[in-house]
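Observations on the model geometry
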Amino acid sequence: MRARRRRSTGTDYLSDALALLGGWTRDGVQIRRDLACDDSQHAALTERIKVAADTLHIRPNIRRIDGHTQICLGPQDGTAITDGEVTLAARIEDFYRTVVERP
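Residues numbered from 1 in each chain as written. Predicted model: local features only at pLDDT ≥ 70, side-chain atom pairs only at ≥ 80, totals over all residues. Heavy atoms only, no water.

**Looking at the pattern of salt bridges**
Applying the stated rule across the entire model yields 3 salt bridges. Salt-bridge contacts for arginine 33 lead to glutamate 93; the nearest nitrogen and oxygen are separated by 2.7 Å. Taken as a pair, arginine 33 in strand E2 (residues 30–36) and glutamate 93 in helix H3 (residues 83–100) lie far apart in primary sequence, 60 residues in all. With relative accessibility at 15%, the residue arginine 33 sits in the buried group. The salt bridge partner of aspartate 39 is arginine 64, with a shortest N-O separation of 3.1 Å. Of the two residues, aspartate 39 sits in helix H2 (residues 39–56) while arginine 64 sits in strand E3 (residues 61–65), which places them 25 residues apart along the sequence. With relative accessibility at 58%, the residue aspartate 39 sits in the exposed group. (Salt bridge = Lys/Arg side-chain N within 4 Å of Asp/Glu carboxyl O. Helix = DSSP H or I, 4+ residues; strand = E, 2+ residues; numbered from the N terminus. Buried < 20%, exposed > 50% of the residue type's maximum accessible area, 1.4 Å probe, protein only.)

**Here we look at unusual backbone geometry**
At histidine 57, a residue that is not glycine, the phi angle is positive and equals roughly 60°. Following the sequence through the fold, histidine 57 ends up in the loop between H2 and E3. One non-glycine residue, aspartate 66, lies in positive phi territory at about 45°. Considering the arrangement of structural elements, one finds aspartate 66 in the loop between E3 and strand E4 (68–73). Among the residues examined, aspartate 66 registers a relative accessible area of 75% and is labelled exposed.

**Let's talk about the packing of H2 against H3**
It is the contact of H2 with H3, at a shortest axis distance of 10 Å, that shows an interaxial angle of 150°. Classified by the angle between their axes, H2 and H3 sit roughly antiparallel to one another. H2 and H3 meet at a crossing whose hand is right-handed. On the side of H2, the interface is formed by Gln41, Ala44, Leu45, Arg48, Ile49, Ala52, Ala53 and Leu56, while H3 contributes Gly84, Thr87, Leu88, Arg91, Ile92, Phe95, Tyr96, Thr98, Val99 and Val100. Of the residues in the contact of H2 with H3, the class split is 12 nonpolar, 4 polar and 2 charged. (Axes fitted to C-alpha atoms, helices over the stretch in contact; angles between N-to-C directions. Parallel < 35°, antiparallel > 145°, perpendicular 65-115°, else oblique. Left-handed = near helix turned anticlockwise from the far one by under 90°. Contact = heavy atoms within 4.5 Å. Nonpolar A, V, L, I, M, F, W, Y, C, P; charged D, E, K, R; others polar.)

**Let's talk about the nonpolar core**
Trp24, Ile31, Leu45, Ile71, Leu73, Leu88 and Ile92 are the most contacted members of the largest nonpolar core, which totals 25 residues. Mapped onto this core, the elements with two or more residues apiece are helix H1 (13–20), E2, H2, E4 and H3. Counting residues per element, this core draws most heavily on H3, which supplies 9 residues. (Core = buried A, V, L, I, M, F, W, Y, C linked by side-chain atoms within 4.5 Å.)

**Some points on the pairing of E4**
With 5 of 6 residues buried, E4 is to be regarded as a mostly interior element. Across 6 bridges, E2 lies against E4 in antiparallel orientation. Looking across to E4, one finds that aspartate 34 is bridged to glutamine 70. Note: E3 against E4, 5 bridges, orientation antiparallel. Along E4, the bridge assignment pairs arginine 64 with threonine 69. Counting the residues in the hairpin turn of E3 and E4 gives 2 residues, including aspartate 66, whose phi is positive at 45°. (Pairing = 2+ DSSP bridges.)

Here you go:
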């Protein structure tokens, strides 16, 4: 799933994309998502994310905190969030639904 850029209307591409990706929040120059899952689901989700991230040449920050998996996507150097990171966020949503078996 990709959100279209709207160059002529002046709308914020990232805000539009985040509106389509419910649960993702903007945290400065990164986007973040906390997902409830157990340890085995975390492991399965992390493996899927790593494969997709390698394909897109992105290094997500994935942590396990209090029964949740926290994922941060975005540049560490303060530059803008890329299309690839938004694409990875959409893929992560699909992976999460698959791993926790939610339609």
